[in-house]
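Each chain, letter by letter, is given below.
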Amino acid sequence: MQVIEQLIVDENNIAYHPMIGNSYQLNSISKEIVTSLQENKTKDEIIEELSQKYEVSKHELFIDVGDFLAKLKIYGLL
């Protein structure tokens, strides 16, 4: 099981990892990305959903989602 799947995300956009006790403040978009990852969606699926929902170009989302995923890896969550 990946660490991202163990995160508990609350209504205030706080992601909490109960096994190690760390918490992370998310914004609404990053919360959607984390939730999508927990549902085993791919990067491309996440980009597609966000581009339709927010009318943002896929190119811009490719960069932004990629940056966020890189940060998750740095924090050891992916």
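For clarity, every value in this text was computed on a predicted model and none was experimentally measured.

A. Helix 2 (residues 28-38), seen in detail. Buried within helix 2 we find Ser-30, Ile-33, Val-34, Ser-36 and Leu-37. The arc enclosing the buried residues of helix 2, seen along the axis, measures out at 160°, which places them on a common side. Check the buried side of helix 2 and you find it contacts helix 1 (3-6), strand 1 (8-9), helix 3 (43-54) and helix 4 (58-74). Between the side-chain oxygen of the N-cap and the backbone nitrogen of Ile-29 there are 3.0 Å, and the N-cap of helix 2 in question is Asn-27. Just downstream of helix 2 lies Asn-40, where phi reads positive at about 65°.

What counts as what
- Positions within a chain are numbered from 1, following the residues in the order the chain's sequence is written.
- Reporting in this predicted model follows two pLDDT cut-offs: at least 70 for local features of residues, and 80 or more for side-chain atom pairs to be given and counted; totals over whole chains, interfaces and linings ignore these cut-offs and use all residues.
- To get the side-chain values, all heavy atoms of the structure are used, and hydrogens and water are removed first.
- Exposure classes here rest on a 1.4 Å probe applied to the protein chains alone. A residue is buried below 20% of its type maximum, exposed above 50%, and partly exposed in between.
- Helical segments are the DSSP runs of H or I of at least four residues, strand segments are the runs of E of at least two, and each set is numbered from the N terminus.
- Starting at the helix axis, one direction is taken to each C-beta atom, and the arc is that of these directions.
- Whether two residues are in contact is decided by their heavy atoms: any pair within 4.5 Å suffices.
- As used in this structure description, the phrase polar contact means that two N or O atoms lie within 3.5 Å; if the pair is within protein, one of them must be able to donate a hydrogen and the other to accept it, and residues adjacent in sequence are counted only when both atoms belong to side chains.

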